[in-house]
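# Summary of structural features
What follows is the residue order along each chain.
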Amino acid sequence: CVECTSVGGATTVPLTVQLVNFPQIWASTRFTFWAPPAISEARFSASGASILVAFDQPTDRAGMITENTISQRCASVIASSTLEKLGATPSCIWVFEINLIIYLNGNPTLLPGDTLSVINVRSRNKVSAASTSTRIVGLPTVPRFPSLAVSAPATVDPCGDLQIDAIASSPRALVYSWSGIDSGADDVVPSEADVAWDDFLATNDGPRLYVGSGTPEMIAEDHDYTVIVQVTNFMGFSSPPVALTVTKVSTPEMELLLSPPSQQVDRTDWITISAAAVFSTCPIPTQPMVYEWYLLSGPDSDELQSALATDLSQLIVPPWVLDAGVLYEFGVIVSLQDDATISSSGSAEVFVDVLPLRAVIEGGTEIVVSTGYNLTLDASGSRDLDIDSEDLSVHNLTFSWQCIFDDGIVMEYCTDSDGNLLQIDPVAMPVLPAGTLAATRTIPYVFTVTVQKRGKLPADASMPVYVVSSVLPIVSPLITEYGVTQEDGGILINAGDKFIISGTCNVEADSLAWHFDPFVNISGSMFAGADTAEFMIKEGASGLTEGTQYTLTHSCYKDGSVGTKSMIINVNQPPIGGECTVCRKNGQACTYGNLRANRPITVEFEMTCSDWADADGQEGDTLWYQYGFTDGIDTVWSNIVSYPFFVSGFPAGDWTLLARVIDAQGAITEVTVADIEVASNGNGGGNQRRLLQASCQDVLEAWDEYDQAVIELTQAKNAPRIMYTIPLIHLDVLDTATVAQDCDGDANGFIKGLADALLLTVTKFAYINLEFVEQTTSAVEIMVADIEFQSLDTIGPVAAITRHLFTELNHVAISRETFQRLANIFSSGIDIWNVYPRHDAKQFLSDLDIAAVEAARRYAIEVGAADEDPFLAPMSNHYIMQREIGSVAGHSLTAPTTDMSNELLAVHNSSVMLPSNLATVLGGHDGTKITMYMQTSYHVPFAAGMTMRSPLFSVSILNENQDVHEVTGLSEHIHVMIPLLVHNLTKNDQMRFEAQTKCMWWNPVNDTFSDEGCHNSEFAEHYMRCSCNHLTMFGVVQNVTGSCGDGVVEEEFEECDDGNTDSGDGCNQDCELEMYYACEASPSACYVPTTPAFTALSISDLTGLQGASNTITVRIVCNAPMKGGSSITVSGFLGAATGDGVLDLAVQSGDISSTSSWDQSIGSLIISLESDVATGDIIKFAFTATNPMADNVGANVTVSCEDCLVKEDFSTLSVLPLTKATIALKVDYVAAGCSNPNLFGSACNTTCVYGTVKGFVCVCPPGIFGSDCSQVGTVVASASVMIDPTVSTSLSVGGGRRSGTSVGADVPAGAVDDDHVELSLTVYDVSPQPSSDQTQIVANGPATVMGPRGQTFNKNITLYLQFDAEDVPEGNFQPSGFWLNANTGLWQNVGGTVNENGLLAANVDHFTSFAVFTLETPPDIVPEFTKAVIMDETDLQGSANEISV
C-alpha cells in the first residue's frame, strides 16, 4: 500500500469487489492493512556500549520472547550484514514491544553513520509481513564525553624514570593525544627544547607515557616539563585536555606517585587515594616510611580528620563524609622514619558531584482504586540523594501536585465528581476522600508530583490512576528493601541476587498470585511465595535475564474480582566490552609474554583492564576493579579500587591471575587474565608447599626471601599489598615452619613478623574484604593450633588480630566456615592459656570472647532464617539458634557438648533458663525473633588461689537486627546450670568444695572473675545452678586458699590439722580426729587422753519455731570402752515428749540393747546400756520433742554419764555441755540469719517487710502474704464452724473476686480426733506473689487462710479455691493449688482440678495459707504400644521354638 499513511502500523481503506462481466454486482467493506514494523530511530547510547532501536509500532519482538523462554540471540532479529559488526558476543534485549537494546561486546566495529538492518520483526498481532527495515545509526542524543584522570609524580630525579598513566574508560579503544606545548598560550614562544619535547610526546599514542632516565628530550635538571594529554572515543567525543607539570630535580629523592591524582565521585562512594613512594635508583638510604595526610582545600569535619589520621600509604574516606558540589584537594608527605629531610610530597583532587533530587510515587506502574475508597498518593520516598537519612523531614523538600485527564480528544486539568477543579494538598502524602473522583473506566487520571529544593533542579514523577465504580480488592504498594530505587520508581537488581518483595490485600483473598512480564517461570526451586503475600527470588537464581526490564505484578482475587499492583524490575547488565592483560614489571618498563619471575613477592606484575563500559549505567557512574590470583585451591582477592591497573608481587607458585570489573550497582564481570610462574630462589615454580620435600638450605633461603618481602611491605605500610599477599604466604609457609625449626630457623620470629604485618593491616586499613577475613582466619587457625608457635611473642598479635577481624570490620559477612575456624581458634586459645596462664594469655581469651560474640552476630545476619547451628571444637563449643521470645522465656535451653574426655560432661550439659518476662526486658513481645548464642569452653585455669571447677559458659541475646542486647539488672534472675569438673572427692575436700565454690562471671574489662549479681541457687553432685541478674560468661570457681595438711585448723572443714596428710598420728589424711586421740592448738598437737570423755558429734537442728514438733537425733562417742549397765542422762529438754518412752539405740557395729525412760517434769532422758560399747563406737539415738512456747528454754541441754562403767582405770566421765543441742531446741536461736535483722534469703538482700525473720526465712503474721511479707490483704469474707469428728463437716463463704462462687472446705468424718477443733476460713483481696526463685508460676487467685494454722488431719480434706480463668494463658498452662511453707518461704504445689462451679478443688492434709497459681505443664502423652521383635527361628509343624516378644 504505497500511498497508505499508517497510524501505529495500521491503515484502514475501503475495499470493493466486482464481477468482471457484471460490474453492477459488487460488494464493499473496510479493510485494515498492517505494514511491517519500521525502525523509527537507531542511535548509540551515551556510553557507546549499546545501540537503542525504536520501532514505529508494537512488535512481536521477532518471536524472541515466548511464554517459556527469553532469547538474547541477536541473530534472531539482526541481519547478517549488521550482525558481523556487533562484536563476538552481542546480546539483544527487548524493552516492552517497541524498543530493542543491542549490547555490543567482543570488539565491535559498527560506527555512527553505518546502516542497521533488522529481520523477522512483525506486527504485535503477527499479521504483517516480516520487516527488513534499515536505519542509519546516529550519535547519542546527549553526548557523554570521556572522563580522564592522570597519575603522575610531581618530580623526577636524575636517576629516575618518568611514568605517567592516563586513566579513562570506554567500551572501545581510545585515541590518546600527548603533547608538551600548551597551544592556548599564544604569548609564549616555545624554545627548541620545548618543541623537541613536544615532538617526543606526540609519538606516544597509548595510555602510558614512559620516559627513561637518559632520554635526551628530558635531560635538563631543575627544569619544569609540561605534559598535556587528551583522549577521543570512537564516536569522536573528546575529553577536556589535562595538563600537568613534572619537575626534573638535580638531587636524588623519593618519587611519589598518587593514584588516582584526580577523581570524580558522589557522596555515596568510598574514596581511595594510594601514595606509592618509589626510592631513587641513585644511592640513597631506604628505611621504613612515614606518611602524613592533610587537607589542602575543601570543608573540614571530624569524620574527615579521622580518615586523614592514618599513617598508611592509602587514604580511605568512607561514604557521606565529603560534601556535594565541592572540589577537595588532599596532600601527603612521605619521609624516612629516621631522616625526615629525605621526603617527597604530592596532592590529589576529588570532585564530589551533586546528585539530583529523586521524585517517586509509590504504587508501582499504576494505581486502580474504587470510588468507594480513599485515594492516597504517596511521594514520601522522594529524596535528595546527597543526604544520608531515611527521615524525609531532613531532606527539606517541597511538594506540588497536578492532575491531567486526557481522553484522546481533549487534554484538561482534572475535576472532581462535582465538576470543580481538583485541589491537591502540597504535601508528600495527600489523600483524596472516597467519591472525589468519578469513575473513568479505561482512561486514567495522570497525577504528577514535582519535588523541589533550593539550589537543585526540580524532579517529577507521574502515576496513572484508574478509578472504577465496582468494588475491587485493593493491593497495597509493593515494598522491598532490596535493589536500588531508580528515578522512575523502578527497582534495579543484579541477576543472581536475593530479592524479596511484599504486598498486602485489604480483604481476605480467595487467592494471591505474582507474575512477570516478559514471562518468567516462577514455579521452580529458585523462587518462593508465588501464591503468597511475600515473593522471593533466591540467591543464585537464574530465571531473570541481564539487561531486561520486567513488570512484576501482584494480584489479589476475591469473589471474581481482581486487584493488582505492579513494579518495574530492571535487571542490571554487567560491564561489557573490554579485556584485561598482565605484564612483568622491569623497573618502570613492562614486559609482555615472559610471565615468569625468579623471586616471590618482590618481583612485580601489572594487571590492566581496558575498554570496559557500564552499558546501562548513569552518567557519573564509576567502574570498579578487583584483582586476584589462585592455584585452583586457594584464591586471594585485592581490595576493590577505582583505577584499572594493579601492581603486585606474588608468592612462589604457579598462579592463574583473575580480574573483576564491577559497575556502580555491584554487577560483576569476571575474567581470567593469564597464567604466571613465580620461582623460589631461582629454583623453578611450584607452590611453596613443595618445600616440605626440599633440603634445609632450600627452605631457609626461600624463607629469607619471604622474610625480606614482609619487612619491605611493612616498612612501606602498604596495607592493601599486605592484605593481598600475606594470608596466602601464611598458608604456604606455615606448613614449612616445623622443617625450618628443625633446621635451626627462627620459626617463632618469622611467625611474629607475619602476625605483626597482619595486625598492621587489620588495625589500620579501613577496607577489608571477605576473602581477606577468611584467609587470615585460616592462617591464625594454623598459627595457634601448632604448639611450635605458641609463645607469648605470638599470643599478643594473634589475639589482637582476631578481635579486630571480628569486631571492627563490621561490613564483612561471616561464613559458616569462618565461624568454625573461630571455634577452633578459641579451642587452641584455651590450650595456650593452660600453657601460659599470664596476663597476655588471659587477654587472648578475653579478646576471643568479644570476637566470638560479634562473629556470631554477623553470622546470624548472614544466615538469616537458620533455626540452629552448632560449631564444635575439642575444647570450645559454640551454638547459635533463632527463636521467638515466647518459645524461650521461662524455659531451659541446653547447649550441646562434645568434650567427652570428662564423663560428667557426657551427661550434664550447660543450660540456661531465661526469665519469664524476657519480652519486657528486651522491649519486644512473645513473637519477636531473637538469636541466642551460647558458648562452652573447657579446662580453663584461673588465678593464684582460685581454681575453675566447671566449663566457662557464655550466653548472649541478639535482637531482630542482630544487635547484641545488654541484659543487666534483672529483677527476675536468669538461672544457669553448669556441669562440675570434679568427682570422687574425699569427705574433707567435698566439705571445702561446697563451702568455697561460687558462681562467678568473667569481666573482660579487667580480665578477672566477679561474683557481683550472682549467687549459688542449687548445689548437686555433678552440677551447680547459678542465679544471676545479667548475661555474660559464667563459671564455677573455688577459692582454694587453705587446705588439709597446711598446719592451719579451719574449724569449718577440719577437726585437726597437724601439718601433714598422714594417717595414724591422730589426725588423718582428711584432717579428721582419729580414734583414741585428742588434738589441741593450730597446728594440731595430737595425743591419747588419760581421762574418759564424751564428744558430741552432732545433734539435729531442724526448726526452732515455737511449738514446732521435731525429731531429734543425737550422736555421741566416748574415748573409752563402756560396759553394760552404764547409764547416760540427757537433760534440759523442757516441754518435750517421747511417745512411749522406749528408744532404739544403735552403734556402728549394730544395734545394742538398752532401756530408756523420760522424766517429763524435769525434762531429762535416762538411757541404760545393757551391752558393752567399744572405744570410739558411735552411739546414736533419736526421740520426738515439741518446742516450748517460750523464748528462754533449752539453753542448758547436757549429756552426762555419771554412772558409766569403763574397762580401763579411767575416772568417772565428767558432764559435757552439748552446745549444738541448743540449735535444736532453743527457740530464740532462729532469729535472723543475716547481720541485718530485717533482711533474709541466702544472699541477705531481701527485706522482710511486715513479717519476722526466722533464720533465712521471712514468716508472715495473719493477713500478710508474699515471700517477703509485703502484701497486705483486706478480709473480704470469713466464716468458722466447730468440727464434729464423727460426721462430715462443710464450710463455705461467698465473696472474693468472683460473685456467685464460694470458697470452702469439706472435712470427712474421722479427719480429727479432738472434738474441740474450730475450723475457720478467711478470704483476702490480694493475690500472693511467689518467691523470686519460683519463676515458673504466676499468681492467679485470692489468698485463702484456713485455720487453725498447723492443724493436721488423719484423712485428706477438700478445699475449694477461687481463681481467674481468663488469666490462664493458652497452651499447656493450667491452674493448680499451692500452700505456703513458712520455713522456706516457697509455695508448694498440691495440684487440684476445676469443678463445674469454676473452683479449683484440691486435697490437703493440713491447714495454712492457700492460693491458686498458674504453671506450665508438659503436654499429655497418649500411651501407645510400639511393636517389638518376635523371634521366628523355626516354622516347621510340630517343632518347638522359644518365642520372645
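Notes on the structure follow.

## What about the overall build of the protein?
On a plain count of helices and strands, the protein comes out with 14 helices and 91 strands. Looking at the protein as a whole, 48% of its 1445 residues qualify as buried. Within the protein, contacts between residues at least 6 apart in sequence are counted, and of these 66% link residues at least 24 apart. Accessible surface, the protein: about 65000 Å² in total, of which carbon and sulfur atoms supply 50%.

## Considerations on the packing of aromatic side chains
Throughout the structure, instances matching the rule amount to 19 aromatic pairs. Aromatic pair Phe527 and Phe535: ring centres 6.1 Å apart, planes at 10°, arrangement stacked. Residue Phe527 is classed as buried on the basis of its relative accessible area, which comes to 9%. Its relative accessible area of 0% is what places Phe535 among the buried residues.

## A short note on the state of the cysteines
Evaluation of the coordinates by the stated rule reveals nine disulfides. Here Cys74 is linked by a disulfide to Cys92, with a sulfur-sulfur distance of 2.1 Å. When the S-S torsion is 110°, as for the bridge of Cys74 with Cys92, the disulfide is right-handed. Linking Cys74 in the loop between β4 (50-55) and α1 (80-83) with Cys92 in strand β5 (residues 91-95), this pair joins segments that are 18 residues apart in sequence. Cys92 carries the same exposure label as Cys74, and that label is buried. What pairs with Cys403 in a disulfide is Cys414, and their sulfur atoms sit 2.0 Å apart. When the S-S torsion is -70°, as for the bridge of Cys403 with Cys414, the disulfide is left-handed. Separated by eleven residues along the polypeptide, Cys403 in strand β27 (residues 398-406) and Cys414 in the loop between β28 (411-413) and β29 (431-432) bring together distant segments of the chain. With relative accessibility at 3%, the residue Cys414 sits in the buried group.

## Here's the deal with the nonpolar core
Counting residues in hydrophobic clusters, the biggest one holds 35 residues, and the most contacted among them are Val912, Leu918 and Met934. Apart from residues lying up to four places away in sequence, Met934 is in contact with Asn877, His878, Tyr879, Met881, Leu893, Thr894, Ala895, Val912, Phe953, Ser954 and Val955.

## Digging into the pattern of salt bridges
Close approach of charged atoms lets side chains of opposite charge pair. Following the criterion strictly, the structure yields 14 salt bridges and no others. A salt bridge links Asp384 to Lys453; the nearest nitrogen and oxygen atoms lie 2.7 Å apart. A residue pair is termed long-range when its members are at least 10 positions apart, and Asp384 in strand β26 (residues 383-384) and Lys453 in strand β30 (residues 445-453) qualify at 69 residues. Residue Lys558 pairs with Asp510 through a salt bridge whose shortest N-O separation is 3.8 Å. Residue Lys558 is found in strand β38 (residues 549-558), and its partner Asp510 is found in the loop between β34 (499-502) and β35 (511-517); the two are separated by 48 residues along the sequence. Accessibility expressed as a relative area gives 27% for Lys558, which makes it partly exposed.

## Quick look at empty space enclosed by the protein
Sizing a probe to match a water molecule and rolling it over the atoms shows the empty space that remains. For the structure shown, the criterion picks out eight cavities of 30 Å³ or more. Each pocket or cavity is described by its volume, and for the largest cavity that value is around 70 Å³. Considering the residues around the largest cavity, the lining is formed by Val369, Ser370, Thr371, Tyr373, Leu375, Leu432, Pro433, Gly435, Thr436, Leu437 and Val467. Looking at side-chain class alone, the lining of the largest cavity contains seven nonpolar, four polar and no charged residues. If you add up the space inside the second largest cavity, you get close to 60 Å³. Lining the second largest cavity, in full, are Ile493, Asn494, Ala495, Gly496, Asp497, Phe527, Ile537, Ala541, Gly543 and Leu544.

## Structural notes on a nonpolar patch on the surface
A grouping of Leu15, Val17 and Phe31 is seen on the molecular surface, where their side chains present a nonpolar patch of about 260 Å² in accessible area. Tracing the backbone through its elements, the reader meets Val17 in strand β1 (residues 10-18).

## Some thoughts on unusual backbone geometry
Note the cis peptide between Asp517 and Pro518, where omega equals 0°. A cis amide bond, omega 5°, links Ser1082 with the succeeding residue Pro1083. With respect to the secondary-structure elements, Pro1083 resides in the loop between β62 (1078-1080) and β63 (1085-1087). One non-glycine residue, Lys126, lies in the positive phi region at around 65°. Within the element layout of this structure, Lys126 appears in the loop between β7 (115-117) and β8 (134-136). Relative accessible area serves as the criterion here: at 52%, Lys126 is assigned to the exposed category. Although it is not a glycine, Trp320 adopts a positive phi angle of roughly 70°.

## Looking at the sheet that holds β27
Whether parallel or antiparallel, the strands of a sheet pair through hydrogen bonds between backbone atoms. Spatially, five strands are ordered β24-β31-β30-β27-β28 in an open sheet, and the strand pairing comes out mixed. Lying at the two open borders of the sheet, with one neighbouring strand each, are β24 (367-370) and β28. Along the sheet, successive strands turn relative to each other by an average axial angle of 35°, direction set aside. Taken together, the eight bridges between β27 and β30 define a ladder with antiparallel strand orientation.

## Regarding the environment of Asn824
Assignment of secondary structure puts Asn824 in helix α9 (residues 816-835). On the basis of relative accessible area, Asn824 is assigned to the partly exposed category, the value being 22%. For the pair Asn824 and Leu872, spaced 48 residues apart in the sequence, the C-alpha separation amounts to 8.1 Å. The residues contacting Asn824, other than those within four sequence positions of it, are Glu781, Leu872 and Ala873.

## A look at the side chain of Asn1340
Mapped onto the elements, Asn1340 comes out in the loop between β84 (1337-1339) and β85 (1344-1347). Only 2.8 Å separates the side chain of Asn1340 from the backbone nitrogen of Asp1364, close enough to count as a polar contact. Among the polar contacts made by the side chain of Asn1340, one reaches the side chain of Thr1414 at a distance of 3.0 Å.

## Examining helix α2 (residues 192-202)
Within an α-helix, residues lying three or four positions from one another point in the same direction, as the helix has 3.6 residues per turn. Inspection of α2 places Trp197, Asp198 and Leu201 among the buried residues, and these make up the whole buried set. Angular distribution of buried residues about the axis of α2 spans 100°; they occupy a single face of the element. Looking at α2, the residues exposed on the side facing more than 90 degrees away from the buried face are Glu192 and Ala202.

## Quick word on a negative patch on the surface
There is a patch of like negative charges on the surface, built from Asp1284, Asp1313, Asp1314 and Asp1315. Within the fold, Asp1315 resides in the loop between β82 (1303-1307) and β83 (1318-1324). Note on Asp1315: relative accessible area 45%, which makes it partly exposed.

What counts as what
Residues numbered from 1 in each chain as written. Predicted model: local features only at pLDDT ≥ 70, side-chain atom pairs only at ≥ 80, totals over all residues. Heavy atoms only, no water. Helix = DSSP H or I, 4+ residues; strand = E, 2+ residues; numbered from the N terminus. Buried < 20%, exposed > 50% of the residue type's maximum accessible area, 1.4 Å probe, protein only. Contact = heavy atoms within 4.5 Å. Areas by Shrake-Rupley, 256 points an atom, 1.4 Å probe, with all protein chains shown as cover. Phe/Tyr/Trp six-rings, centres within 6.5 Å; stacked < 30°, edge-to-face > 60°. Disulfide = S-S within 2.5 Å. Core = buried A, V, L, I, M, F, W, Y, C linked by side-chain atoms within 4.5 Å. Salt bridge = Lys/Arg side-chain N within 4 Å of Asp/Glu carboxyl O. 1 Å grid on protein atoms, 1.4 Å probe; cavity = no way out; pocket = protein on both sides within 12 Å on 5 of 7 lines; lining within 4 Å. Points joined across faces, edges and corners; volume = space filled by probe spheres on them. Nonpolar A, V, L, I, M, F, W, Y, C, P; charged D, E, K, R; others polar. Patch = residues over 30% accessible without salt bridge, like charges linked within 9 Å, V, L, I, M, F, W, Y side chains within 5 Å. Pairing = 2+ DSSP bridges. Axes fitted to C-alpha atoms, helices over the stretch in contact; angles between N-to-C directions. Polar contact = N/O pair within 3.5 Å; in protein donor to acceptor, adjacent residues only side chain to side chain. Arc of directions from axis to C-beta. Lys, Arg positive; Asp, Glu negative; His and termini not counted. Charge placed at Lys NZ, Arg CZ, Asp CG, Glu CD.

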